[in-house]
Structure formats: C-alpha cells, structure tokens
Amino acid sequence: MTHVEIELNSQPECWTRATEQSGRHRDALPGPGERVAVVGCGTSYFMAQAVAALREGAGQGETDAFAASEFPHGRSYDRVVALTRSGTTTEVLELLGALRGRTRTTAVTADPGTPVVAAADDLAVLDYADERSVVQTRFATTALTLLRAHLGLHTDAVVTDARTALATPLPEGLVGCAQFTFLGRGWTVGLANEAGLKMREASLSWTEAYPAMEYRHGPISVTTEGTATWMLGAAPDGLARQVLATGALWIEGELDPLAELVRVQRLAVAVAAARQLDPDRPRHLSRSVILAP
C-alpha cells in the first residue's frame, strides 16, 4: 500500500482521538462571540472554508476563511486560527509573525517541533494525524473534526460513516471517467474544493468544484457522457435529474459529507493506480511549500 492509502484508512481512529482531545484545547480554540479568521494554504485553506461556514452557521460568531497569502490586514479579528500540517509553510509563518502582538493566534499542526510553535500564541497538536505522504488526507480531516467537535457538531455517526466509506466499493464506472465535478452547499463547498484538489494532486485528473446552485450557471455545460458529478451533502431539488439527462454519472452524497470526502480520497488513489501514477509522489509538489528568501 502507498503511504496515502495507509493514512486515509486510519481516519476513523484519528477522528475519534480528535473528538476526545477537543476538550483539552478549549482555551486555544475560538470561543462563542469571537470574530475569527481561519487561514491555511492548499488543502488547509479548503478546510478553513468548511470551518468558517460551520462556525458562523452555528451562531458562534462572524468567521472568515482566507488563503494565508491573501489575509486582509486592514480587518480586525479577535483570533486568527492557522491550519498547517507541516508547521513550516512560508505564507502561514509570515502571517503569524505580522499578527504577533496585535491579534491572538492559534496554530493547529501535526508537528510540535517546527517554527509554528513559536510563531503562534496557542497551539493544538495533532501529531497522531501527521503524514508521510505529500498528499494530505488524515491531517486535514482530523483538524476539521477537532474544530467540528469543539463546535458541538460532531457525532459518533460521522465515524461510522467513515468506516462505511472505507468498506464500500466505489460506484461502477467512476474510475474510468475523463472529468470530475464536485459540488457542495454551505460548509461542504470547502469539501468540494478539497475533493477537486485531491483528484488533481494524486491522479492528474481534470476536476472542478462549485457551490451546487452555481453549477447550473454555466459549468454544467462540460458535463456529458464519460464525466461524473459528485454531490457532497444534500443536493438541490432537480439537480440529479438534470445531470443524469446529460449522460454523466451522478453520485449522491448519502454519508456525512466528511465521510464522502474519504470516498473521494479513495477514488483519487484508484484513478492514480489505473493511470500508473504514484500518489505518494505527485508531480511538481512537495510536502511543505517553503519559499526562498
């Protein structure tokens, strides 16, 4: 098995540990009423999108998500939460440095021996979810689970669904598709974006991601026989029928959306194998982006 396969299969256990750990990090994570920004790069940015939508939707306070390089320094926040698996990503460290002494910061990371430990005011370490693979799977979903549990939005059913996602065969014909579109609503828009990224990184697939209601405003034009559209979460009325009318495969998200993302991770590995690619060594990518001074 590849590293990414081993790591994605360990997610139910990681999520359980994160749930148990969430109470110990209560003071490091945003409290009700705080105005919060969640930042990250790549996969972590898409998890930030999901966290922001979940937190604001739960009535916990205004919450924004940004790529670390695009943080709006003219805005005021009570806390900035940085998601960073490696703890060495240049844009994240530069942002935390710029916020030092002005805005309270929290880093959620997998490695306590990296510069982010000194750069952030508070820390949540998920070392058991660290990864050898360049392609992120379990750290991203475990960080999201930690924050989801902190908001009171995680249940044991999510872990059960993840086990189902790992045990159930992928839909027939999906691996051979030429193009993949992922759709979400609310907090699952971030998951759809991450699903698309996972397919591009691991299998060099042509993928797109959209808010579900925006899909019919143009993007559906690329949908046809030999393509697939995958909904993470509940689909808008009539959308499945419209997709099926194009001749494309329609994948309805029947599990918890985070567990659906696990199915997409499995798909990315399966497509990579079919194309004789190594998902542990994605083209032009490294485990952490460290920019030269």
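Our subject in this report is the structure included herewith.

Criteria and cut-off values
- Residues numbered from 1 in each chain as written.
- Predicted model: local features only at pLDDT ≥ 70, side-chain atom pairs only at ≥ 80, totals over all residues.
- Heavy atoms only, no water.
- Helix = DSSP H or I, 4+ residues; strand = E, 2+ residues; numbered from the N terminus.
- Buried < 20%, exposed > 50% of the residue type's maximum accessible area, 1.4 Å probe, protein only.
- Contact = heavy atoms within 4.5 Å.
- Polar contact = N/O pair within 3.5 Å; in protein donor to acceptor, adjacent residues only side chain to side chain.
- Pairing = 2+ DSSP bridges.
- Axes fitted to C-alpha atoms, helices over the stretch in contact; angles between N-to-C directions.
- Core = buried A, V, L, I, M, F, W, Y, C linked by side-chain atoms within 4.5 Å.
- Phe/Tyr/Trp six-rings, centres within 6.5 Å; stacked < 30°, edge-to-face > 60°.
- Left-handed = near helix turned anticlockwise from the far one by under 90°.
- Nonpolar A, V, L, I, M, F, W, Y, C, P; charged D, E, K, R; others polar.

### Side note on the environment of Thr-145
As for its placement among the helices and strands, Thr-145 is situated in helix 6 (residues 138-150). For Thr-145, a relative accessible area of 0% gives the class buried. Here the alpha-carbon distance between Thr-145 and Ser-205, two residues 60 residues apart in the chain, equals 27 Å. For Thr-145, the contacting residues outside a window of four places in its chain are Trp-15, Ala-18, Thr-19, His-154 and Leu-258. Within the local environment of Thr-145, its side chain forms a polar contact with the backbone oxygen of Thr-141, the two atoms lying 2.8 Å apart.

### Structural notes on the environment of Cys-41
Mapped onto the elements of the fold, Cys-41 is located in the loop between strand 1 (36-40) and helix 3 (43-57). Cys-41 sits in the partly exposed class, given a relative accessible area of 24%. For the pair Cys-41 and Val-92, spaced 51 residues apart in sequence, the C-alpha separation works out to 7.7 Å. Cys-41 has contacts with Ala-68, Thr-89, Glu-91 and Val-92, leaving out every residue within four places of it along the chain.

### Remarks on the environment of Ala-259
Within the secondary structure, Ala-259 is located in helix 10 (residues 257-274). Through-space distance from the C-alpha of Ala-259 to that of Gln-11 is 9.4 Å; in sequence the pair is 248 residues apart. Ignoring sequence-local partners within four residues, the contact set of Ala-259 consists of Trp-15, Asp-161, Ala-162 and Ala-165.

### Digging into the sheet that holds strand 9 (residues 249-251)
The parallel open sheet is built from four strands, whose spatial order is 7-6-8-9. The sheet is open, and its two edges are formed by strand 7 (206-211) and strand 9, each paired on a single side. Strand-to-strand, the axes of this sheet are offset by a mean angle of 20°, without reference to chain direction. Taken together, the three bridges between strand 8 (residues 227-232) and strand 9 define a ladder with parallel strand orientation. Residue pairing in the sheet places Trp-230 in a bridge with Ile-251 of strand 9.

### Some points on the nonpolar core
If you look at the biggest cluster of nonpolar residues, it comprises 59 residues, and the most contacted ones within it are Val-108, Leu-144, Phe-180, Phe-182 and Leu-191. Apart from the residues lying within four places of it in its own chain, the contact partners of Val-108 are Val-81, Ala-82, Leu-83, Thr-84, Ala-124, Leu-126, Phe-139, Ala-143 and Leu-146. By size, the runner-up hydrophobic cluster in this structure holds 16 residues, among which are Phe-66, Ala-68, Phe-71 and Ala-120.

### Focus on the sheet that holds strand 3 (residues 79-84)
If you trace the five strands from one edge of the open sheet to the other, you get 2-1-3-4-5, paired in parallel fashion. Two strands close off the open sheet at either side, each with one partner strand: strand 2 (63-67) and strand 5 (122-125). Across this sheet, the average inter-strand angle for adjacent strands is 20°, counted without regard to direction. Relative to strand 3, strand 1 runs parallel, the two being bridged by four bridges. Bridged to Val-38 within strand 3 is Val-81. Across the sheet, helix 4 (residues 90-99) is in contact with strand 1, strand 3 and strand 4 (104-109); its angle to strand 3 comes to roughly 160°.

### Section: the packing of aromatic side chains
All chains considered together, the criterion is met by five aromatic pairs. Seen in terms of ring centroids, Tyr-45 and Phe-46 are 5.5 Å apart; in terms of plane orientation they differ by 35°. Their pairing is tilted. Plain terms: the ring middles of Phe-66 and Phe-71 are 5.8 Å apart, the flat faces sit at 85° to each other, and that makes the pair edge-to-face. Here Phe-66 falls in the buried class, since its relative accessible area comes to 13%. You can call Phe-71 buried: its relative accessible area is 7%. One aromatic cluster in this structure is built from Phe-66, Phe-71 and Tyr-77.

### Focus: unusual backbone geometry
Backbone geometry follows two general trends: most residues other than glycine have a negative phi, and most peptide bonds adopt the trans configuration. Residue Leu-204 is not a glycine yet carries a positive backbone phi of 55°. In the Ramachandran plot, Gln-276 falls in the positive-phi region, its phi being about 60° despite a non-glycine side chain. Residue position: Gln-276 is located in the segment after helix 10. With a relative accessible area of 76%, Gln-276 lands in the exposed category.

### So, the packing of helix 2 (residues 11-21) against helix 6
It is the contact of helix 2 with helix 6, at a shortest axis distance of 8 Å, that shows an interaxial angle of 35°. Pair helix 2 / helix 6 crosses with right-handed handedness. Contact with helix 2, carried on its side by Gln-11, Cys-14, Trp-15, Ala-18, Thr-19 and Gln-21, involves Arg-138, Thr-141, Thr-142, Thr-145, Leu-146 and Ala-149 of helix 6 and no other residues of that element. Looking at the contact of helix 2 with helix 6 residue by residue, the class counts come to five nonpolar, six polar and one charged.

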